[in-house]
Amino acid sequence: NAGVMQNPRHLVRRRGQEARLRCSPMKGHSHVYWYRQLPEEGLKFMVYLQKENIIDESGMPKERFSAEFPKEGPSILRIQQVVRGDSAAYFCASSPGVLHSGNTIYFGEGSWLTVV
Amino acid sequence: SQQGEEDPQALSIQEGENATMNCSYKTSINNLQWYRQNSGRGLVHLILIRSNEREKHSGRLRVTLDTSKKSSSLLITASRAADTASYFCATDEGSNDYKLSFGAGTTVTVRA
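Description of the structure in this document. Going along each chain's sequence as written, the residues are numbered from 1 onward. All chains are assigned letters beginning at A, and all ligands numbers beginning at 1, according to the order in which they are written. It should be noted that, the model being predicted, local features are given only for residues of pLDDT at least 70 and side-chain atom pairs only at 80 or more, the latter also being counted only at that level, while totals for whole chains, interfaces and linings use all residues. Hydrogens and water molecules were not included; the side-chain quantities draw on all heavy atoms of the structure.

All names here are of chain A. Per-residue accessibility, obtained with a 1.4 Å probe over protein chains only, is compared with the maximum for each type, and a residue is labelled buried under 20%, exposed over 50%, and partly exposed between these values. Strands are runs of DSSP state E lasting at least 2 residues, helices are runs of H or I lasting at least 4, and numbering of each runs from the N terminus. On strand β7 (residues 65–68), burial follows the alternation: F65 and A67 on one face are buried, whereas S66 and E68 on the facing-out side are not. Direction of pairing for β7 relative to strand β8 (residues 75–79): antiparallel, over a ladder of four bridges. Within β8, the residue paired with S66 across the bridge is R78. One requirement defines pairing of two strands: DSSP has to find at least two bridges between them.

Laid out in structure tokens, this is it:
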């Protein structure tokens with residue numbers, strides 16, 4: 001059973017370009033989470049999605065950032081018009097169901113975005 | 001704001017010694033989890049302790065939880081060079097248990 005798969009692992013974008021980060025959850029997992037880790041900091045929650053639904057996007061910056069988890073295919077975190085401050089590691093995680101049911105959240109290896 | 005905060009920020013020990021790090025949090029929780037992150041890699045789940053538990057063991061790991069003090073500790077016994085990593089505690093926010101709050105981590109260096 002493959003783990004949470006993220007790609008690309010490393011991405012370099014110039015200021016103003018778009019970044020698209022993809023996440024395929026573990027098999028059988030329908031809950032996806034995105035977190036961001038700035039240098040020397042812990043992870044910060046961004047968004048929680050279930051298939052075709054955004055459950056909680058309270059951690060997403062109001063502009064330029066969007067996320068989706070379509071019925072078919074991976075979850076996508078999209079950052080438009082990137083700025084240097086967007087440089088960070090973006091982690092996707094998944095779980096088979098709601099966490100208070102005792103499910104564990106599994107993290108992917110992350111996508112490292114560098115904006116030059 | 002950060003819920004979990006680890007202490008110390010960095011720890012350097014000799015192989016074979018024990019490593020202890022602490023985590024404090026602010027609000028009531030359902031669970032507290034510890035994760036390990038090797039440089040440039042993702043997070044590896046180590047252990048989950050529920051709010052009604054006081055101590056939990058997993059191999060060379062021992063986790064304690066004191067809800068009255070809103071704190072937890074992670075002890076790694078008989079450390080190895082492979083334990084060199086950053087360690088994070090993560091708490092869930094009550095009703096929003098899917099939203100984990102991480103501290104800035106403790107960076108542990110185990111010297112051979």
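By definition here, a salt bridge exists when the distance from a side-chain nitrogen of Lys or Arg to a carboxyl oxygen of Asp or Glu is within 4 Å. Summed over the entire model, instances satisfying the criterion amount to 10 salt bridges over all chains. Residue K99(B) is joined to D56(A) by a salt bridge in which the shortest nitrogen-to-oxygen separation is 3.4 Å. Of this pair, K99(B) sits in strand β10 (residues 96–102) while D56(A) sits in strand β6 (residues 53–56), placing the two residues on different chains. Each of E18(A), R20(A) and R78(A) takes part in a single network of salt bridges with overlapping partners.

All right, on to the sheet that holds strand β8 (residues 71–76) of chain B then. All names here are of chain B. Pairing is antiparallel in the open sheet, where five strands are placed in the order β1-β3-β8-β7-β6. Of all strands in the sheet, those bounded by a partner on one side alone are β1 (5–7) and β6 (55–58). In this sheet, neighbouring strand axes are inclined to one another by 20° on average, regardless of whether the strands run parallel or antiparallel. Judged from the four bridges that link them, β6 and strand β7 (residues 61–66) form a sheet pairing that is antiparallel. Looking at the pairing, K56 lines up with V63 of β7. What counts as an axis is a line fitted to C-alpha atoms, over the stretch in contact for a helix, and the angles between N-to-C directions run from 0 to 180 degrees.

Residues and elements named next belong to chain A. Strand order in the open sheet formed by four strands is β1-β3-β8-β7, with antiparallel pairing between adjacent strands. Strands at the two margins of the open sheet, each flanked by one partner only, are β1 (5–7) and β7. Recorded for the sheet is a direction-independent mean angle of 15° between the axes of neighbouring strands.

Right, let's talk about the packing of aromatic side chains for a bit. Two aromatic rings, drawn from Phe, Tyr or Trp (for Trp, its six-membered ring), form a pair once their centres lie within 6.5 Å of each other, and the interplanar angle then sorts them: stacked below 30 degrees, edge-to-face above 60, tilted otherwise. Tallied over the entire structure, the rule returns 10 aromatic pairs over all chains. Seen in terms of ring centroids, F91(A) and W112(A) are 5.5 Å apart; in terms of plane orientation they differ by 80°. Their pairing is edge-to-face. Remark: W112(A) occurs in strand β11 (residues 111–115) and F91(A) occurs in strand β9 (residues 88–95); sequence separation between them is 21 residues. Note on F91(A): relative accessible area 0%, which makes it buried. Grouped by ring-pair contacts, the aromatic residues Y33(A), Y35(A), F45(A), Y48(A), F107(A), Y35(B), Y98(B) and F102(B) constitute a single cluster.

What is meant by a nonpolar core is a set of buried Ala, Val, Leu, Ile, Met, Phe, Trp, Tyr and Cys residues, joined one to another through side-chain atoms within 4.5 Å. By size, the foremost hydrophobic cluster in this structure holds 23 residues, and its most contacted members are W34(A), M46(A), L77(A) and Y90(A). Elements with a contribution of two residues or more to this core: β3 (19–24), β4 (31–37), β5 (43–50), β7, β8, β9 and β11 of chain A.

Only a pair of cysteine sulfur atoms within 2.5 Å qualifies as a disulfide here. Across all of its chains, the model carries two disulfides over all chains by this definition. Paired by a disulfide, C23(A) and C92(A) hold their sulfur atoms 1.8 Å apart. The sign of the S-S torsion, about -60°, decides the handedness of the disulfide formed by C23(A) and C92(A): left-handed. Taken together, the residues C23(A) in strand β3 and C92(A) in strand β9 connect sequence positions 69 residues apart. The pair formed by C23(A) and C92(A) is uniform in burial state, with each residue classed as buried. Here C23(B) pairs with C89(B) through a disulfide, and the sulfurs are 2.0 Å apart. Across the S-S bond of C23(B) and C89(B) the torsion is about 65°, and the bridge reads as right-handed. With C23(B) in strand β3 (residues 19–24) and C89(B) in strand β9 (residues 85–93), the pair connects residues that are 66 residues apart, well separated along the chain. Comparing C23(B) with C89(B) shows no difference in burial state: the two are buried.

Right, let's talk about the interface of chain B and chain A for a bit. Contacts between chain B and chain A engage 17 residues on the former and 23 residues on the latter. At the junction of chain B and chain A, the tally comes to two salt bridges. For the purposes of these results, a polar contact is taken to be a pair of N or O atoms within 3.5 Å, where, inside protein, one atom must be able to donate a hydrogen and its partner to accept one; residues adjacent in sequence count only when each atom of the pair is a side-chain atom. Here chain B and chain A share eight residue pairs in polar contact (both at pLDDT 80 or more) between them. Only β4 (31–37), β5 (43–50) and β10 of chain B provide two or more residues apiece to the side of chain B that touches chain A. Among the elements that take part in the side of chain B that touches chain A, β10(B) stands out by supplying five residues, more than any other. Polar here means any residue other than Ala, Val, Leu, Ile, Met, Phe, Trp, Tyr, Cys and Pro, which are nonpolar, and Asp, Glu, Lys and Arg, which are charged; Gly is therefore polar. For the side of chain B that touches chain A, the residue count by class is seven nonpolar, six polar and four charged. Any pair of residues with heavy atoms lying within 4.5 Å of one another is described as a contacting pair.

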